[in-house]
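The primary structure of each chain is shown beneath.
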Amino acid sequence: MKAVVLSNWGGVENFAVQEVPKPTIQPDEVLVHVKAFGVNPADFKTRSGVAPYSKAYTHPIILGWDMAGEVVEVGSGVTTFTVGDAVYGMVNFPKPGQAYAQYVAAPAAHLALKPAKLSFEEASAAPLAVLTAWQALTEHGQLKSGEKVLVQAASGGVGHLGVQLAKALGAYVIGTASGKNEEFVRSLGADEFIDYTKTSIEESVSEVDLVFDTAGADTIFASANVLKPAGRLISIAYGDMDKVLAVRPDIHAERILVHTSGDDLRTINEFIDEGKLKISVSEVLPANQIADVHQKLESRRTTGKIVLTF
Ligand SMILES: NC(=O)c1ccc[n+]([C@@H]2O[C@H](COP(=O)([O-])OP(=O)(O)OC[C@H]3O[C@@H](n4cnc5c(N)ncnc54)[C@H](OP(=O)(O)O)[C@@H]3O)[C@@H](O)[C@H]2O)c1
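Just so you know, these numbers come straight off a predicted model, no measurement behind them.

Draft legend 1. Layout of the overall build of the protein. Assigned secondary structure in the protein consists of 10 helices and 15 strands. For 310 residues, the compact-globule estimate of 2.2 N^0.38 gives 19 Å, and the protein sits close to it at 19 Å. Residues classed as buried in the protein amount to 55% of the 310 residues present. Sequence separation of at least 24 residues holds for 65% of the intrachain contacts in the protein that already meet a minimum separation of 6. Of the roughly 12,700 Å² that the protein leaves accessible, carbon and sulfur atoms contribute 50%. For the protein, the distance from the average site of its 27 positive side-chain charges to the average site of its 36 negative ones is 2 Å.

Draft legend 2. Representation of the side chain of Ser-235. Looking at the element boundaries, Ser-235 is found in strand 12 (residues 227-235). At 3.0 Å, the side chain of Ser-235 forms a polar contact with the backbone nitrogen of Ala-237. Non-local contacts of Ser-235, meaning those with residues more than four positions away in its chain, are made with Asp-213, Ile-220, Met-241, Glu-254, Arg-255 and Ile-256.

Draft legend 3. How the structure looks around the pairing of strand 14 (residues 281-286). Pairing of strand 14 with strand 15 (residues 305-309) involves five bridges; the strand directions are parallel. Of the residues in strand 15, the one forming a bridge with Leu-285 is Leu-308. In this region the chain leaves strand 14, passes through helix 10 (residues 290-298) and returns to the parallel neighbour strand 15; the handedness of that crossover is right-handed.

Draft legend 4. Examining the packing of aromatic side chains more closely. On inspection of all chains with the given rule, the structure shows eight aromatic pairs. A centroid spacing of 6.4 Å and a plane angle of 50° characterise the contact between Phe-15 and Tyr-100, whose relative ring orientation is tilted. Remark: Tyr-100 occurs in the loop between strand 5 (86-90) and strand 6 (103-107) and Phe-15 occurs in strand 2 (residues 15-19); sequence separation between them is 85 residues. Just as Phe-15 is buried, Tyr-100 falls in that class too. On the numbers, 6.4 Å between centres and 70° between planes, the contact of Phe-221 with Tyr-238 is edge-to-face. Taken together, the positions of Phe-221 in helix 7 (residues 220-225) and Tyr-238 in the loop between strand 12 and helix 8 (241-247) put the pair 17 residues apart, joining distant regions of the chain. Of the residues examined, Tyr-238 reaches a relative accessible area of 12% and is grouped as buried. One residue, Lys-22, lies across the ring of Tyr-103, its end atom 4.3 Å from the ring centre. Seen from the ring of Phe-120, Lys-35 lies directly overhead, with NZ or CZ sitting 5.9 Å from the centre.

Draft legend 5. Local environment of unusual backbone geometry. For the peptide bond that leads from His-59 to Pro-60, omega is -5°, which places it in the cis range. Along the chain, the position of Pro-60 falls in the loop between helix 1 (41-48) and strand 4 (66-74). A cis amide bond links Phe-93 with the next residue in sequence, Pro-94, at an omega value of 0°. Topologically, Pro-94 is positioned in the loop between strand 5 and strand 6. Positioned with a positive phi, Asn-92 is a non-glycine residue whose angle comes to about 65°. When you line up the elements, Asn-92 lands in the loop between strand 5 and strand 6. With a relative accessible area of 23%, Asn-92 lands in the partly exposed category.

Draft legend 6. Fine view of the environment of Phe-221. Under the relative-accessibility criterion, Phe-221 is labelled partly exposed at 31%. Taking the C-alpha atoms as reference points, Phe-221 and Pro-286, separated by 65 residues in sequence, lie 39 Å from one another. Phe-221 has contacts with Glu-202, Tyr-238, Lys-243, Val-244 and Val-247, leaving out every residue within four places of it along the chain.

Draft legend 7. Quick look at the sheet that holds strand 8 (residues 148-152). Pairing within the open sheet is parallel, and its six strands lie in the order 10-9-8-11-12-13. Here the strands that pair on one side only, and so sit at the sheet edges, are strand 10 (192-195) and strand 13 (252-255). With strand direction ignored, the average angle separating the axes of adjacent strands in the sheet is 15°. As paired strands, strand 8 and strand 9 (residues 172-177) are joined by four bridges and run parallel to one another. By the bridge assignment for strand 9, Val-149 is matched with Val-173. Against the sheet, helix 3 (residues 127-140) makes contact with strand 11 (208-213), strand 12 and strand 13, and its axis sits at roughly 150° relative to strand 11, the strand it touches most.

Draft legend 8. Just the pattern of salt bridges, in detail. Counted under the stated rule, the structure contains 13 salt bridges. For the salt bridge of Asp-263 with Arg-266, the shortest nitrogen-to-oxygen distance reads 3.0 Å. One end of the pair, Asp-263, and the other, Arg-266, are both in helix 9 (residues 262-273), three residues apart, so they sit about a helical turn from each other. For Asp-263, a relative accessible area of 53% corresponds to the exposed category.

Calculation criteria
Each chain has its residues counted from 1, running along the sequence as written. At least 70 in pLDDT is required for a residue's local features to be given in this predicted model, at least 80 for side-chain atom pairs to be given and counted, and no such filter applies to totals for whole chains, interfaces and linings, which use all residues. To obtain the side-chain values, all non-hydrogen atoms of the structure were included, while hydrogens and water were left out. Only runs of H or I of at least four residues qualify as helices and only runs of E of at least two qualify as strands under DSSP, and these elements are numbered from the N terminus. Radius of gyration here is computed from C-alpha atoms only, and the compact-globule reference equals 2.2 Å multiplied by the residue count raised to the power 0.38. Burial status follows relative accessibility: with a 1.4 Å probe on protein chains alone, a residue under 20% of its type maximum counts as buried, one over 50% as exposed, and anything between as partly exposed. Two residues form a contact once any of their heavy atoms are found within 4.5 Å. With residues, only the protein chains shown are counted as cover, and all accessible areas are computed by Shrake-Rupley using a 1.4 Å probe. His is not counted, nor are the chain ends; Lys and Arg add positive charge and Asp and Glu add negative charge. In this description, the location of a charge corresponds to atom NZ of lysine, CZ of arginine, CG of aspartate or CD of glutamate. Throughout this description, a polar contact denotes any pair of N or O atoms lying within 3.5 Å of each other; where both atoms belong to protein, one of them has to be capable of donating a hydrogen while the other can accept it, and for residues adjacent in sequence the pair is counted only when both atoms sit in side chains. Following DSSP output, two strands are said to pair if at least two bridges run between them. Viewed with both strands pointing away, a crossover whose connecting path from the first strand over the helix to the second turns clockwise is right-handed. Pairing of aromatic side chains requires ring centres within 6.5 Å, counting the rings of Phe and Tyr and the six-membered ring of Trp. Pairs whose planes differ by under 30 degrees are stacked, by over 60 edge-to-face, and all others tilted. We count a charge as sitting over a ring when the NZ of a lysine or the CZ of an arginine lies within 6 Å of the ring centre and within 35 degrees of the ring normal. As a rule, the C-alpha atoms of each element are fitted with a line to give its axis, helices using only the stretch in contact, and angles between N-to-C directions run from 0 to 180 degrees. Basic side-chain nitrogens of Lys or Arg form a salt bridge, by our definition, when they fall within 4 Å of a carboxyl oxygen of Asp or Glu.

Below you can see the structure in the form of structure tokens.
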């Protein structure tokens, strides 16, 4: 099969599309013929070697966690999927998922059936980002209907799903991005939009119940300052919460790491089936353009998600 192989830590010059052996499966796994695979900022952090979990990898590496495809082989212990099922999932995160490939060996517990409403490209774009948004808002953020939510970086891969899920859960949603993304963020259902390049968040928002921070260090203190007393700050992009709590000791501030879950994907599928959650794919590119795609991701200026195909 073909795969995108990374020969060393560092830049995108270390990527090459190569012929490699097809993976073999364990009893709890299925073999998926990948129709499309997704990318995330965690991919470039792992590629360069700065992600804490990079240490678990040895070269040559096949990166990638997000993929969608068709089951072609089922492990002896798997009862949940059969050959021919269309599936999607985030495979083995943060260990090597090896999704930049034509075939992936995936634990059945990490997968769900692909919603019929999603193309393979849309489904491959979703898992890491949508699991992150779901777990941030519900498991950690304990979002309740009627609450006011601020989603920082509402136009990004995670943020655009966070806006829609928060709306679907009954929240009043404020989204931030630069002006070029206003129409997009409002189309997701945001009640208010703030262009962070023009307007101070602290001067325009207050009394927020929950901030879902996907932007990180540049905005973390503004995120804390707009919260109500006892408000919740859930960040996926900033780790030093002691500094935040020194300024706002009266809030709950937490940095989270997404965990893989086929069960969460099945819950999320209900929102997709009901038309309450759409996956925005800005580009579908061939796998041999992985270097360009990583550079785009590193710019932090992409809207929605990018996916690749062989
Ligand atoms: N901890 C976890 O489990 C976890 C999971 C997923 C992602 N993450 C991390 O979370 C971050 C976001 O991930 P992602 O996939 O959503 O990233 P992304 O798609 O690359 O985000 C890009 C978007 O961020 C917006 N943006 C950049 N700076 C901003 C700012 N200061 N204020 C408001 N918007 C801003 C950009 O909008 P403009 O172009 O309009 O500025 C752009 O649309 C990354 O650092 C990623 O590694 C962590």
